[in-house]
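Fold and geometry: a report
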Amino acid sequence: MPHRKGCPAVSRNRKKPPWFCGKKRLAQFILKQVSQESTKKSQQEYARKSVQSLTSVPMLVKVVRGKKFFTSNLLIETGDGMIAISLQSGSNGNCIYVEADGVRLLFDAGISGIQAEKRLAAHGRDIRQVDALIISHDHADHIRCAGVFQRKYGIPVYVTPKTLSAAESACSLGCFTNVLHFRSGGTLRFGDVSVETIPTPHDGEDGAAFVVNAAGKRLGILTDLGHVFEGLGRVVASLDAVFIESNYDPEMLTNGPYPPFLKRRIKGPGGHISNREAAELLRAAGDGLKWACLAHLSEQNNSPDIALRTHREVLSEAFPLHIASRYAASGLFSV
Ligand SMILES: [Zn+2]
Ligand SMILES: [Zn+2]
């Protein structure tokens, strides 16, 4: 149901991405996309990795007069499976892209519209093609740019009424013309794709975690969990793949610079879960889980190395683990 009258209508401007053929031009394009986001050295490294990531996607190759061309829409083709990209993860901003069965979803809008647009474009995706933005809770690192995503790109925003009202009183979201409300605990449907919403005890107003069901697979998006609440283990065990919060190392938190009230909040029942708690959930999940991407790592109270080391102490060496960066998009994950 449309919401918030009084804003100018926004038409959905579904332009095709400015795409092209050939790896050299692809690298040049990606370099341009990330030019304002990192140093020159890391730009080159990022572009190189992105090209590798893109070339691992099944590509359509057109043959014209004996020459091979990568077609302009080849990176949009994903077959029947589900794919996911973390565009950024952490207290500085969260945004995850999921695509399956022709449905394109964004989870959370804690990064700027420009960042999301560029990082999706680097993976051959057009933000204007996104069908829905689904918000987990009212903290700014998840919702601060929801208004921009809606107004600039015409993306419908799915949010609970309590989350929207709490966020509006805490930060300036601007006006919306297309907001749809859901109840935490319900299921959202987009064609053949469904999104289960799971209430969390995190200290947001009305938080939710998500499970995306598509093509017979289940992907969890489980961050800002509060604590290891009842039923969370069963959810993780039901998944094929998961983005899971692995927020802090208890020792770093205890010895770190945060004030005592913040330390208590993070490890308290409405805060975040630790590396070891996340690892134990993954270990208990069993063989159905094919990979995990550790998400929402604290900058002060964790590090990718420490998170990985803790998980490896609990999980087998062979289990595929990834880390969602606080500063850049991930590769393209296949579920
Ligand atoms: Zn958060
Ligand atoms: Zn939060």
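Residues numbered from 1 in each chain as written. Chains lettered and ligands numbered in written order. Predicted model: local features only at pLDDT ≥ 70, side-chain atom pairs only at ≥ 80, totals over all residues.

**Side note on the overall build of the protein chain**
Within the protein chain, the secondary structure is distributed over 11 helices and 16 strands. Here the protein chain, with 335 residues, has 43% of them falling under the buried criterion. Residue pairs at least 24 apart in sequence account for 66% of intrachain contacts in the protein chain once pairs closer than 6 positions are excluded. (Helix = DSSP H or I, 4+ residues; strand = E, 2+ residues; numbered from the N terminus. Buried ≥ 20, exposed ≤ 12 C-beta atoms within 10 Å, placed from the backbone. Contact = placed C-beta atoms within 7 Å.)

**Quick look at the nonpolar core**
Among the nonpolar cores identified, the biggest contains 75 residues, and Val-98, Leu-133, Leu-219, Ile-244 and Leu-294 are the most heavily contacted of them. Among the elements that line this core, the one with the most residues is strand β11 (residues 208-214), at 6 residues. Once residues lying within four places of it in the same chain are set aside, the contact partners of Ile-244 are Gly-220, Leu-222, Ala-278, Leu-281, Leu-282, Ala-292, Leu-294 and Ala-295. (Core = buried A, V, L, I, M, F, W, Y, C linked by C-beta atoms within 7 Å.)

**A word on the confidence of the model for the protein chain**
Scored by pLDDT, the protein chain comes out at a mean of 82, with 76% of its residues at no less than 70. A low-confidence stretch, residues 1-78 stays under pLDDT 50, and its non-local contacts, those more than four residues away or across chains, total 83 contacts. (pLDDT = per-residue confidence, 0-100.)

**Some remarks on the sheet that holds strand β14 (residues 291-295)**
Read across the open sheet, the 7 strands follow the order β9-β10-β11-β12-β13-β14-β15; overall the sheet is mixed. Since the sheet does not close on itself, it has two edges, and those belong to β9 (187-190) and β15 (321-323), each with one partner. Taken pair by pair, the neighbouring strands of this sheet meet at an average axis angle of 20°, ignoring direction. The pairing of β9 with strand β10 (residues 193-199) spans 4 bridges and is antiparallel. (Pairing = 2+ DSSP bridges. Axes fitted to C-alpha atoms, helices over the stretch in contact; angles between N-to-C directions.)

**Some words on helix α10 (residues 275-285)**
Within α10, burial applies to Asn-275, Glu-277, Ala-278, Ala-279, Leu-281, Leu-282 and Ala-285. Those residues of α10 that are buried are in contact with α7 (232-237), β13 (241-245), β14 and α11 (304-314). Gly-286 sits one or two residues past α10 and shows a positive phi near 90°.

**Some thoughts on the packing of α10 against α11**
Put simply, α10 and α11 touch, their axes get as near as 9 Å, and they point 40° apart. Taken together, the axis directions place α10 and α11 in an arrangement best described as oblique. Judged by the sense of rotation from one axis to the other, the crossing of α10 with α11 is right-handed. Across from Asn-275, Arg-276, Ala-279, Glu-280 and Arg-283 in α10, the residues of α11 making contact are Ile-306, Ala-307, Thr-310, His-311 and Val-314. (Parallel < 35°, antiparallel > 145°, perpendicular 65-115°, else oblique. Left-handed = near helix turned anticlockwise from the far one by under 90°.)

**Brief notes about the sheet that holds strand β3 (residues 82-88)**
In space, the 7 strands of this open sheet follow the order β8-β7-β6-β5-β4-β3-β16, with mixed pairing throughout. Pairing within the sheet leaves two strands with one partner each, and these edge strands are β8 (179-181) and β16 (333-334).

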